[in-house]
Each structure stands twice: as structure tokens, then as C-alpha cells.
Amino acid sequence: MAELSVNLAGIKSPNPFWLASAPPTNSAEQVMRAFDLGWGGVVWKTIGDPIVNVSSRLGSIDADGIRMVGLNNIELITDRPLNENLREIREVKKRFPDRAVVVSIMAESKDDWRELIRRSEDTGCDGLELNFGCPHGMCERGMGSAVGQEPKVIREITAWAREFASTPVIVKLTPNISDIVEPGRAATEGGAHALSLINTIKSLTGVDLDNFVPFPVVGGQSTPGGFCGPAVKPIALHMVSALAKDSKINIPISAIGGISTWRDAAEFMALGATNVQICTAVMHYGYRIIEQLTDGLSNYLDEHNMASAQELIGRAVPAVVDWGDLNLNYKVVADINQEKCIGCQLCIPACHDGAHQCIYPPGVEAKPGHTAPHAAEAAEKLADDPTYRVPWVDETDCVGCNLCAHVCPVPDCITMKQVETKKPRESWNERIAKGTTFIPGGLHDSPAS
Amino acid sequence: MTIPFTLPKQRWELKFSEAYPLYTDAEAIAEANRCLYCYDAPCTKTCPAGIDVAVFIRKIAERNRHGAAKTVLASNILGYSCGCVCPDVVLCAGSCVLKDFKKPVIQIARLHRYATEKFLSDGKHFFTPATATGKKVALVGAGPASLACAYELKLLGHEPVIFEKKTLPGGLNTTGIAPYKMTAEDALREVEAIRRIGIEIRTGVDISSQIKTLLKDYDAVFIGVGIGDDTELNVPGIDGDGVIGSIEWIEQLRLSDKPALPKNTKRALVVGGGNTALDAARELAQLGVPEVTMVYRRTAQLMPGFRHELNDARIEGVHLLEHAVITEIVREKGKLKGARVRASDEDIFLQADIIIIAIGQAKWRDLLMKFPDVELNEANEIIVDEETGRTGNQRIYAGGDATPGMKLVVQAVADGKRAAQAMHRELLQTGKGGA
């Protein structure tokens, strides 16, 4: 059994799975139920001066009947009195001393930050998370993403927090910026012990086309909210890896953004996260998913001979490179498994209309001189059975884009196989270095007509 | 939409519950979302009426029910009844690629019905007839073949007039469908919706003595008379109460308020192995008859009835007696007692309170022979050209159950369309002659 415990800038937890600051961490009653089921830590729903919320608060997008692949919210920070939250945090930490209890905080003035940090730390919490990310409601008041979008302000407030705090300070970043590295560096320069990201992405989830109001509807109006859930994972993965790769950022990362399963978590850890925070999946399925998260990660680590979760952190980071460092002479082509194919032919319009025109239905003749291993066989099978529908690939024309493999509904039916190009490895950057970047047919090559 | 035809209020068909109720919006969208939207989709290729199945299902998934109806009705104006009665598992859904993916195939017929239900309730047409050509076509019989043919002719600008011997139009859709699939009322609502585009239907008119007049007054004639009465079983004791032909049985069940079953019916026999026999057996079982036995001369494997229908019948408690032939109907003082049956070389006696004979239907041989130059095959079906549906007479076309081919509503629709297009091409376009 692999060791699952992790240590994020001095904050220890028995496993890397924390509940993110959100509705699932709103009260002691909830958090204690989550801890009873095995969650490693929580970031308490942001405390500060209580606010007033609206109704409704959530918008969701479905994908062909799969519910809630993305969720949008316009709920603000806690609406409960500060002392009530603080009393409950103290109680929870006392009852679960081995779990990580981090308090998310948000304030306006320097004095307010000082006071909020002092009172938060009085609870015995393990650390603080500065909410610089909330993209709605709070930013209009100069808080949340209004801070996270200004590197100078991030640096300054982080420095205040470091000055006042005795526990580790985690800075939570907003993705609503052009380059995540800038705010990441600013927080690092301000003295942050760790970074957490991503907060939600500013969004509207849809429009009620009968009444012409976007979702979520609040009395005939709406407002942009924060988008999260499985749909945001690719954006979060990129941002986490960008910070993990940056040479000036050397503090640990707590990853957030569309993590639903242990696989998602393992991917974030492989791209440099020390632990992960989860919200939408719990809002969808409940705290009970923690058993599958820990079990899945533990089995994965065992199967890959890793003694601890620690060994996974950052293992995929070196493989993330600039486009200019990719090997231009590596080639794959599509390979359709003739036995697994069910004949839906979705790959055909995808390839012909959306890609590079190399997949054909049985019966079409291959171009002379082209490599098309299944063309003749497909024609024979069609002659025997007019309902035969398995397509074939012209490997000479295939550029290896993968689109067909992505549209194919059958697992492992279309795979990409490597073909020998008999050329040595060469990247664009290497071509630049050698001065061999010229490709005929360009703007400066063809005379104006 | 109200129908201008009267039906008794207490019809026996209303005792049945629907086998496949109309989908709700959420159910239809969920089912439609399972569809892969295949390219060059096999379901479309296997639909006799050529409905673009993948496209109409996609439109349901996209919550464009109106567009889905338009796609279905563009190819099949009887889309609603086909959605209720089409054996999709042997046609479109039978070719669904999900089968090879070890997943349940798409419930295409149910989606079909969902898509077109609005057409039945509001009768709104999607397509407008072309400019009137002044050409007239007489259609004999008001069943699916004639209705589809008349609709297509109307769209092409011609003037179709349907003649129906019975008092109600719709053919077997009205009189012969198992009630758990579709009611007579729905069948008539569909007829009415189709009629509204401007088709004249004359019911209660027997044209058997006016064929010459028809050929004189109309530019072309379409024969869509369907099947005839039940074939009689020639055994001693057949005449008398308690023995009924399947066509008469179902028509009574659907359109009459008289009891279809004798009181306290405990045992019923159905003779035959076709889909009509299976329907009758399932109807008896669903009406609560405790013992329903099908008496069939061959084995289940050789039954012309659909395998899925036999499975459903068996689930409902129907027994199948194979290699069995009735040799005598036994009566006591005229009252039905049962039948002597030769089953697998053994003579047995089966008690019965009702016996339904479903060994096939006679064709309208005498009527059809009156049409000049119309030829029949040995099964008394009208011989037609496969491309056009034209009979031996240049001005007479035919389709539906009166011609060779699958005895299905969707096939009748395909036949009717084919004939209308051929008539249009060959007879009815201006400058191409005619009568």
C-alpha cells in the first residue's frame, strides 16, 4: 500500500484530497461528515464580512445528456456570522487533529486582513488561503479577482499576510488573466508558502431562449458567474503545469479545477501539484466519492511501483515543452481495428470535412502508389456483404492528427501507430539554430500576381 | 384535432393499455442522445420509406421536435402510425450499429411516434401542393397505400379522389391494428390530418360495378384495396357460434361496443402462425383469458410471424402448440366445446370457449379481375412493375397488401409514393397525354 499522505508547505494531510473552499465546506456539520468519510483536508468556505446571496445561483451545461459537465455559480463568500464560522472551525480542528483545516479568507483593508488572520489562526487552523479569485460579486468591491488580476496588489496583500500570519499562507489564483505566470510570480515574491489554482472562470452558461435571460436566472436577470467542473480541467492542467515549470516559482501547488476522479488528481500531481482540491464532483455526487479517490490513487501508485504519492509529483512536467522543441520528424497514422469497428463511419465526415481526407468507406479504390493496408480487403468484404461498413485509412495521406480516434465511439478501435520516417529527430528550434527554416511557397517566396 | 367520423364510446380496444406509451420530452431527448448519428446511416438505408432516420433523431436530441416531424413526414406522411406499428427491430433498428457495440439499439419507432405526434394533434402541414395540373386520379381503398399515394399526388399538383367501401377510412390502420399498439381513434386522426391537405375521401362507396366509369373519368387509377376476408378453415363443426375469423375479431374489438368475448372465457385457441395470429393471441391474453393456445401446423422457427412478437406473446402467457392441425370443431347442442387436434402424430382434444381462425386472408380476386389488363399471380396478388408499381394496364397502378411484398404499413407507404411518382412521370405531367 503506497503512502498517500502529503505535506503542502508544512500543512500535513493523510491523503492529498481536500475539499475546496465552496458550498461543501460551508459548516462544521458538513465538514465533519466529510472527515468521517476520509477526506484529507478542507479549505473552509471563505470567511469575511457576511454577505447576502441571490436565488437562483447555479447554471450548468450538459453534453449530449451527460449532466453537469460544467457548472457556473454566482454564490458569494460565506453568508454566516464570522464568530459562528470561527467557533465551528475550532471545533472541527479539535475533533480531527490529523486532518488539514485551512481557512479561506477575504478582506479589504490592511487592518481588516490583520484582524481576520489573527482571529482565523486563533481557531488552531493549519493554514490560510487568500481568496484572490472569486470572479463575481466580490470583485466589484475591490476583492477576489479584482486583486488576482493585479500582480502588484497580489504581491502587496500576500506580503501583509506573511507579516501577520504564523501559519502557512496559500494564495489562490484566478484564471481570468492572460498569463498565469505573472500572478504566480507576484505571489511568490510576496512570500506565499504555496499557490492554489484555478479559481472559477468568468462565464455565462446559457440563455433561456423563451424569455431571453441568461442562466442562472435571478428574477428575470442574470450575471456572469464562475465556471468550474470537468469542462475546466484542461485549462487548470495547463496553468498548474505552467507554474510548475517556471524557474522563478519554487513553492508547492495545490491544484483545483474539474477534478472528479483519482485519475484527474493523478494527472494534476504528475503535472506538479502536491495535492488537489475538489468541489464540483462533491456537489454532484456527495462526499462519498472519497473512497474511490483514495482507493484509485493507492492502487495506481502500487501498480506503478511508487511507494508514496510524493513520488508522483511533477513526473510529467519535463515532457511539457515549447512547440518549437517538438520532433518534426515523428509521425503516426490512424489504424482502424477491423474487428472492433461497428461501422458507424463517424470517422469519415470527421476526416473529410474536418481533417485531411484520408479515411474512405469500403469499395473506394486506393490511390495508386499509396499505402492503404485495408483498402483491398474492405472491397472484397463489401463484395461478399453489401452491408459491410468498416472504413480504411490511406496512410500516405494521413497526417496523424488523431481526430478520427477522438470521434470513434468504440474504445481502442482507432489507435495511432508510429510509422518510420527514416529521418533523425529535428525540432523547429533546431532548424532555427541551423538556419534551415525556409519552406517554399510563402509570402516572400512567391511573386505577387 | 377532432375527427369527422363517429366511433362507439365503449369500444373494447379501450380496455388495452399501450405497450409503448408516447415518450415524454425528457425520455425522447435521452433516447435520442444515445444515437451515434452514424454517417451514411444504415437505419436510413433500411427504411422502406427512406426516412432520414439519423437526422430526425438528431433533431429530437437538439429539441427541434417540429423539424424532426418535418424530416419524418417528408418521406412518410403516415409517420405517426408507422411509429406505433412499425417492426423497427427487423427494419431500421435491426441495422443499428449499437447492436455490434453490445448496447441496446435505438428505439427508433418510439422516437418516430414522438416526432410526429404534433402532426396528429394540430394537423398542420409542412409542405404545400404544387400548382394544380387538373389531372385526376381515382384511388380504390382508403388504406395506407392509397393515402400515401394520394398525398404524394396532391403535392405534385394533381387531384386525388379516394373511394372506400367501408364507412371508415384508414384500412387496416383503423380496423386491424392490435389496440395496444395504436387505437382506431389515432388512426382516424391521422387520416384526417392527411386529408386536410386537400384529398377527397368518399366512404361507403363500392366501385366494383363502376370500373369502366372510373377509367373514363380519371387520368389514372391506383388500386390499394389491401387484403380480403379471412380464409376459411374446412373442418367439420366450423359453422356456429364461438368460431371467428381474425380480421372480423380485430375489427369488432376496435370498432364495436358489443362484447368481443363470451362471458367467462377461460380457454381460447388461435389457429395460425402469422402476425395476425400472434396479434389475436396477445389480445386474448391481454384481455385476461387465462389459457390462450396457438395451434400452428409447423414449428416456431418456420412461423411467418415475427420472432419478437412471439417472444412478447409468450411473456404474456400464450402457449404455442407446434405441428398441430385442427381436425374437428366439437360442439354440444351447437355450443362450442373445443377442438380435436392432431398434434405431433397424436390426437388430442382441446377445450375452448372461443376459436380465432388466422390462417391467412383471401384476396379480392373477383374485384381485381374486373380491372382490364390487371394480372394476378398464383397468390392472387396484383403483378406490378418493381420500379413504378404499374400493372399490366398503362393507366392502372397498385400497391400495399394487394401486391407482393412485406405486409407492413411502411411498405404500403413506399408503394403508394412509388406509384404516385411514376404516374406523375409517365401520365400526368402536362403534355404527356393521359386519358
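Here, every reference points to the structure presented above.
Presented here is a report on the structure given in the accompanying data block. Predicted model only: the values in this text are computed from it and were never measured.

1. Some words on the sheet that holds strand β14 (residues 225-228) of chain A
Consider a sheet: its strands pair through backbone hydrogen bonds, and that pairing is either parallel or antiparallel.
Residue and element names in this part refer to chain A.
Consideration 1: Ordered by their spatial adjacency, four strands build an open sheet running β5-β6-β14-β11, and the pairing between neighbours is antiparallel. At either end of the open sheet lies a strand with only one pairing partner, and these are β5 (58-63) and β11 (201-203). For this sheet, the mean angle separating the axes of adjacent strands, direction not counted, is 40°.
Consideration 2: Taken together, the five bridges between β5 and strand β6 (residues 66-73) define a ladder with antiparallel strand orientation. The residue bridging Gly59 from the neighbouring strand is Asn72, located in β6.

2. Some thoughts on a nonpolar patch on the surface
All names here are of chain A.
Consideration 1: Together, Val321, Trp323, Leu326 and Leu328 line one region of the surface with nonpolar side chains, adding up to about 380 Å² of accessible area.
Consideration 2: One can find Trp323 in the loop between α10 (290-303) and β17 (331-336).
Consideration 3: On the basis of relative accessibility, which here comes to 58%, the residue Trp323 falls in the exposed class.

3. With respect to the packing of aromatic side chains
Consideration 1: If you walk through the whole model with that rule in mind, you get seven aromatic pairs over all chains.
Consideration 2: Pairing A:Phe35 with A:Phe96 gives two aromatic rings, centres 5.1 Å apart and planes at 55°, and the pair type is tilted. Remark: A:Phe96 occurs in the loop between α2 (82-95) and β7 (100-105) and A:Phe35 occurs in helix α1 (residues 28-37); sequence separation between them is 61 residues.
Consideration 3: You can call A:Phe35 buried: its relative accessible area is 0%.
Consideration 4: With relative accessibility at 8%, the residue A:Phe96 sits in the buried group.
Consideration 5: Taking the centre distance of 6.3 Å and the plane angle of 55° together, the rings of B:Phe126 and B:Phe127 count as tilted.
Consideration 6: Residue class for B:Phe126 comes out partly exposed when judged on its relative accessible area of 22%.
Consideration 7: A cation over an aromatic ring shows up here: B:Lys15 above the ring of B:Trp12, its NZ or CZ 4.6 Å from the ring centre.
Consideration 8: The positively charged end of B:Arg65 is found above the aromatic ring belonging to B:Tyr114, 3.8 Å away from the centroid.

4. Some words on the layout of surface pockets
Consideration 1: Reported here for the second largest pocket is a volume of approximately 970 Å³.
Consideration 2: Lining the second largest pocket are 31 residues, and of these A:Asp64, A:Gly65, B:Asn33, B:Ala61 and B:Arg63 lie nearest its centre.
Consideration 3: Listing elements by their share of the lining of the second largest pocket, those giving two or more residues are β5 and β12 (207-208) of chain A together with α1 (25-34) and α3 (53-61) of chain B.
Consideration 4: Residues of the lining of the second largest pocket, tallied by class, amount to 16 nonpolar, six polar and nine charged.

5. Topic: the pattern of salt bridges
Consideration 1: Taken as a whole and judged by the stated rule, the model has 47 salt bridges over all chains.
Consideration 2: For A:Asp111, the salt bridge goes to A:Arg114, with nearest N and O atoms at 2.8 Å. With A:Asp111 and A:Arg114 both in helix α3 (residues 110-121) and three residues apart, this pair spans about one turn of that helix.
Consideration 3: Residue class for A:Arg114 comes out partly exposed when judged on its relative accessible area of 38%.
Consideration 4: Overlapping salt bridges bring together B:Lys181, B:Asp279, B:Arg282, B:Glu309, B:Asp312 and B:Glu316 as one network.

What counts, and where the lines are drawn
- Along each chain, numbering runs from 1 in the same order as the chain's sequence is written.
- Ligands are numbered from 1 and chains lettered from A, in the order in which they are written.
- The model is predicted, so local features are restricted to residues of pLDDT at least 70 and side-chain atom pairs to those at 80 or more, both for listing and for counting; the totals for chains, interfaces and linings are taken over all residues.
- Values shown for side chains rest on all heavy atoms present in the structure; no hydrogens or waters enter the calculation.
- Criterion used throughout: strands pair if DSSP finds at least two bridges between them.
- A run of H or I in DSSP becomes a helix once it reaches four residues, and a run of E becomes a strand once it reaches two; helices and strands are each numbered from the N terminus.
- Between N-to-C directions, angles span 0 to 180 degrees; the directions come from axes that are lines fitted to C-alpha atoms, helices contributing only their stretch in contact.
- Here the term patch refers to residues with relative accessible area over 30% and no salt bridge, with like charges joined within 9 Å and nonpolar side chains (Val, Leu, Ile, Met, Phe, Trp, Tyr) within 5 Å.
- Calculation of accessible area relied on Shrake-Rupley with a 1.4 Å probe; when residues are assessed, cover is drawn exclusively from the protein chains displayed.
- Salt bridges are defined as contacts in which a side-chain nitrogen from Lys or Arg sits within 4 Å of a carboxyl oxygen from Asp or Glu.
- Exposure classes here rest on a 1.4 Å probe applied to the protein chains alone. A residue is buried below 20% of its type maximum, exposed above 50%, and partly exposed in between.
- Each pair of aromatic rings taken from Phe, Tyr and Trp, with Trp reduced to its six-membered ring, is defined by centres within 6.5 Å and is described as stacked if the planes are under 30 degrees apart, edge-to-face if over 60, and tilted in the remaining cases.
- In this scheme, the term charge over a ring applies when either NZ of a lysine or CZ of an arginine sits within 6 Å of the ring centre and within 35 degrees of the ring normal.
- Within this scheme a cavity is a closed region of a 1 Å grid, computed over the protein atoms alone, that accommodates a 1.4 Å probe without allowing it to escape, whereas a pocket is open but has protein on both sides within 12 Å along at least five of seven lines; lining residues each have an atom within 4 Å of a point.
- Grid points are joined across faces, edges and corners, and a volume is the space filled by probe spheres set on the points.
- Amino acid classes used here: Ala, Val, Leu, Ile, Met, Phe, Trp, Tyr, Cys and Pro are nonpolar; Asp, Glu, Lys and Arg are charged; the rest, including Gly, are polar.

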